[in-house]
Amino acid sequence: MNEERIYDLVILGGGPAGMTAAIYAARAKLKTIILESNITGGLVNATYTVENFPSYPSIHGMDLMEKFRAHVDSLEVEVEEVCDIDRLELGGPFKRVVTDEGTYAGRAIILATGRKPIPLATPTPSEQVHWCAICDGMAYVGKRVLVVGGGNSAFDESLYMLSIGIEHITLVEEMPRYFAAQATQERLFSCGKAVGHTSTKVADLIVENDVLKGAVLKHTESGDTSTVEVDGVFVFLGQHPNNELFKDQLELTEQGYIRPGQDMGTGIPGVYSAGDINDKPFRQITTAVSDGTIAALSAERYIRSQGNVC
Ligand SMILES: Cc1cc2nc3c(=O)[nH]c(=O)nc-3n(C[C@H](O)[C@H](O)[C@H](O)COP(=O)(O)OP(=O)(O)OC[C@H]3O[C@@H](n4cnc5c(N)ncnc54)[C@H](O)[C@@H]3O)c2cc1C
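Structural notes, computed from the coordinates.

Analysis parameters
Residues numbered from 1 in each chain as written. Predicted model: local features only at pLDDT ≥ 70, side-chain atom pairs only at ≥ 80, totals over all residues. Heavy atoms only, no water. Phe/Tyr/Trp six-rings, centres within 6.5 Å; stacked < 30°, edge-to-face > 60°. Helix = DSSP H or I, 4+ residues; strand = E, 2+ residues; numbered from the N terminus. Buried < 20%, exposed > 50% of the residue type's maximum accessible area, 1.4 Å probe, protein only. Lys NZ or Arg CZ within 6 Å of the ring centre and 35° of its normal. Near = heavy atom within 4 Å. Polar contact = N/O pair within 3.5 Å; in protein donor to acceptor, adjacent residues only side chain to side chain. Areas by Shrake-Rupley, 256 points an atom, 1.4 Å probe, with all protein chains shown as cover. Nonpolar A, V, L, I, M, F, W, Y, C, P; charged D, E, K, R; others polar. Core = buried A, V, L, I, M, F, W, Y, C linked by side-chain atoms within 4.5 Å. Pairing = 2+ DSSP bridges. Expected span 1.5 Å × (residues − 1). Contact = heavy atoms within 4.5 Å.

## Some details on the packing of aromatic side chains
Now for step 1: Counted by the stated rule, this structure contains 7 aromatic pairs.
Now for step 2: When the centroid spacing of 5.3 Å and the interplanar angle of 75 degrees are considered together, the rings of phenylalanine 155 and tyrosine 178 count as edge-to-face. Residue phenylalanine 155 is located in helix H4 (residues 152–163), and its partner tyrosine 178 is located in the loop between strand E12 (168–172) and helix H5 (182–189); the two are separated by 23 residues in the primary sequence. Accessibility assignment for this pair places phenylalanine 155 and tyrosine 178 in one class, buried.
Now for step 3: Among the aromatic side chains, those forming a connected cluster through ring pairs are Phe155, Tyr178 and Phe189.
Now for step 4: Lying across the ring of tyrosine 7, lysine 31 places its NZ or CZ 4.8 Å from the centre.

Written out as structure tokens, the structure reads:
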């Protein structure tokens, strides 16, 4: 596709926020497209069990996102997955998204690009470093893994990995204490298959012929190093906002998040934001869905106020 395609609304990101916005936009008869750099579903695809989304007391994250997607598809919203976006042009009456495939122009745009995991910084890279136990844990059944991070995600994902048959977990936290709930810490360390080290960071990975053999650990206070034999590494160090495409065009918080108005407007006419990319105290599926709703309804109001709906 080389020509420019025109839409009422372009939504960047197909997580809970983006897909909810698409549902509202389609029902408002706006010609809408979701542009997604990966597959739709976002962070929830990597969540083993969601237990706080109303109407499903417990549901696998990927199953929930399949239901979102089926709803979007039933309304015949266009979705382009795995598109490589070169740049955004947010000024002017049409917001342009320039991709490797061509240009998508929208009378309004919703930025719903969410967050991505903070990477592990080591001199030696390895293919056996992962950020999602549900996605990649099965490859390590019967093997030993290193978990990096001491928050709820690190502990929850460790418990999940033991439940699927991972042999042993070494968990390291750079700070002097863990941040996960006490009960979760106790569950992990009482099972006899996990050891934890605080004030410890990963100094390097030991890789031979492209295969991970172990990790070099360093005590942050004493500087002492030791090695641990592991077949895989799972990193849970938190998340960074996905703001690369628009960080030079919008005013962001110090942490790189968008601070929208009550209508999810960003300050640029026709540009709205929704979900985890927004500066807010609670990042959950329900709050992303709420933002997506408000952003779509605000975009609809804006587009109609400009006339010329496609
Ligand atoms: C480990 C973990 C467990 C969690 N568990 C729960 C839970 O149990 N319950 C709950 O309510 N919440 C949970 N959350 C929070 C929840 O996942 C998020 O709040 C929610 O996914 C945010 O939705 P979103 O649409 O804003 O962003 P995301 O889900 O991050 O989706 C953003 C989408 O945008 C895409 N994207 C990024 N950059 C671009 C780009 N440049 N162009 C196009 N597309 C792009 C991404 O690929 C992604 O699909 C959890 C989060 C984590 C990290």
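Having seen the model, we can carry on.
## Description of the site of the ligand
Now for step 1: Close contacts around the ligand come from 30 residues, with Glu36, Leu43, Asn52, Asp276 and Ile285 the closest.
Now for step 2: Here an oxygen atom of the ligand sits 3.2 Å away from a polar atom, N or O, in the main chain of proline 16.
Now for step 3: Contact between the ligand and arginine 283: an oxygen atom at 3.4 Å from a main-chain N or O atom of the residue.
Now for step 4: Against a free-state accessible area of 990 Å², the protein chains account for coverage of 87% of the ligand.
Now for step 5: Each residue belonging to the shell around the ligand can be placed in one class, and the counts come to 11 nonpolar, 15 polar and 4 charged.

## Notes on the environment of proline 54
Now for step 1: Looking at the element boundaries, proline 54 is found in the loop between strand E3 (49–50) and strand E4 (59–60).
Now for step 2: Exposure remark for proline 54: the relative accessible area of 56% places this residue in the exposed category.
Now for step 3: For the pair formed by proline 54 and histidine 168, sequence separation is 114 residues and the distance between their alpha carbons is 35 Å.

## Concerning the nonpolar core
Now for step 1: One finds Leu64, Phe68, Ile110 and Ile285 to be the most contacted residues of the largest nonpolar core, which totals 35 residues.
Now for step 2: Listing elements by their share of this core, those giving two or more residues are strand E1 (4–12), helix H1 (16–27), helix H2 (61–74), strand E8 (103–111) and helix H6 (285–306).
Now for step 3: Considering each element in turn, this core owes the most residues, 8 residues, to H6.
Now for step 4: In this structure, Tyr140, Ala154, Met161 and Leu188 belong to the second largest nonpolar core, which totals 21 residues.

## Description of the pairing of strand E14 (residues 200–208)
Now for step 1: Pairing geometry for E14 and strand E15 (residues 211–219), over 8 bridges, is antiparallel. Note on E15: the bridge partner recorded for leucine 205 is alanine 215.
Now for step 2: Between the end of E14 and the start of E15, which pair antiparallel, lie 2 residues, with asparagine 209 showing a positive phi angle near 50 degrees.

## With respect to H4
Now for step 1: Over its 12 residues, H4 runs 16 Å from end to end, which matches the ideal 16 Å to within 8%, given 1.5 Å per residue.
Now for step 2: Ala154, Phe155, Glu157, Ser158, Leu159, Tyr160, Met161 and Leu162 are the residues of H4 that are buried.
Now for step 3: In this structure, the buried residues of H4 make contact with helix H3 (133–136), strand E11 (144–148), E12, H5 and strand E17 (232–235).
Now for step 4: Glycine 165 lies just past H4 and shows a positive phi near 110 degrees.

## Brief notes about H6
Structurally, the α-helix is built with 3.6 residues per turn, so residues lying three or four positions apart point the same way.
Now for step 1: Along its 22 residues, H6 runs 31 Å from first to last C-alpha, staying within 8% of the 32 Å computed at 1.5 Å per residue.
Now for step 2: Residues of H6 that are buried include every one of Ile285, Ala288, Val289, Asp291, Gly292, Thr293, Ala295, Ala296, Ser298, Ala299, Tyr302 and Ile303, and no others.
Now for step 3: On its buried face, H6 sits against E1, H1, E3, H2, E8 and strand E19 (271–273).
Now for step 4: At the exit of H6 stands glycine 307, carrying a positive phi of roughly 75 degrees.

Geometric values such as these leave the question of function open.
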